[in-house]
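These are the residues of each chain, in order.
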Amino acid sequence: MLEILYRDEHLIAINKPSGLLVHKSYYSGQADTYAIQELRDQIGQYVYPVHRLDRKTSGVLLFTLDKDTLRIMSDQFAAREVEKKYLAILRGWAPEEETIDYDLVNEDEIQQNAITYYHRLQTSEIDLVFGKHQTSRYCLVEAIPETGRFHQLRKHFKHILHPILGCRPHGCNKQNKLWLETFNMNKLMLHAHQLVFNHPITNEKITLNATINEEFKRVGDILSFDLSAYS
């Protein structure tokens, strides 16, 4: 059963598990199940996805229950009136805060402007030998993408040389292998923890929060991060 975060006669939101595709996509490959059909079967009603999360990304995923509401919400996303907040665990200690303004090339080889603001929440250094280093450093950040490009956060954090832990193909394969061999961890440490928008019908401000999954908690424990505010 999918965890439902919010539901009324116009909208429904879930906490999408990592590994679940939102819908069929040429770029994402095939799967046995999709969030759109799982939710439809669970509530017995057709749903319309307003936005998408990567297959490996967990967190808040919003749907509408009718096409008229879908048009309104799609306009809000297009006008950048919806605030999306993500948690990510990065390799190394990223700057305390930064705005990444770095164009990305989309699936059709078209260059698009892409902007991400992030700030560092916590840092960690553990006794994990990596290359010539006797320890390994990581940080927990909150990222707020201003634009919504394909794999934007993955590509932006790779661009500043602080890739997301567990990310493929935009991560550090040597780090990913080290975590797989040492901690049996092969998940993407990226979670959409909050979505803020105005209700399309009532104009009421809606804030939706999604708790982190067990694997994110486990990695946080290894790194001694305090994740109580997101659990």
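Now for a look at the structure at hand. (Residues numbered from 1 in each chain as written. Predicted model: local features only at pLDDT ≥ 70, side-chain atom pairs only at ≥ 80, totals over all residues. Heavy atoms only, no water.)

### Overview of the pairing of strand 10 (residues 136-145)
The element strand 10 is largely enclosed, with a buried count of nine among its ten residues. Pairing of strand 5 (residues 83-91) with strand 10, which is carried by six bridges, proceeds in the antiparallel orientation. When the sheet's bridge partners are listed, R91 is paired in strand 10 with Y138. (Buried < 20%, exposed > 50% of the residue type's maximum accessible area, 1.4 Å probe, protein only. Helix = DSSP H or I, 4+ residues; strand = E, 2+ residues; numbered from the N terminus. Pairing = 2+ DSSP bridges.)

### A word on the pattern of salt bridges
A side chain with one charge may pair with a side chain of the opposite charge, provided their charged atoms come close. A full pass over the atoms with the stated rule returns ten salt bridges. Across the pair K85 and E83 runs a salt bridge, and its minimum N-O distance is 3.9 Å. Residue class for K85 comes out buried when judged on its relative accessible area of 18%. Classification of E83 by relative accessible area gives partly exposed; the value is 33%. With a shortest N-O distance of 3.4 Å, E125 and R137 are connected by a salt bridge. Here E125, found in strand 9 (residues 115-126), pairs with R137, found in strand 10; they are twelve residues apart in sequence, far enough to count as distant. (Salt bridge = Lys/Arg side-chain N within 4 Å of Asp/Glu carboxyl O.)

### Some details on the environment of I126
With respect to the secondary-structure elements, I126 resides in strand 9. Overall, the relative accessible area of 12% leaves I126 in the buried class. Residues I126 and I115, eleven residues apart in the sequence, show an inter-C-alpha distance of 31 Å. With near-sequence residues (within four places) excluded, I126 lies in contact with T135, S136, Y138, W179, F183, I222 and L223. (Contact = heavy atoms within 4.5 Å.)

Everything listed is a geometric property; what it means functionally is a separate question.
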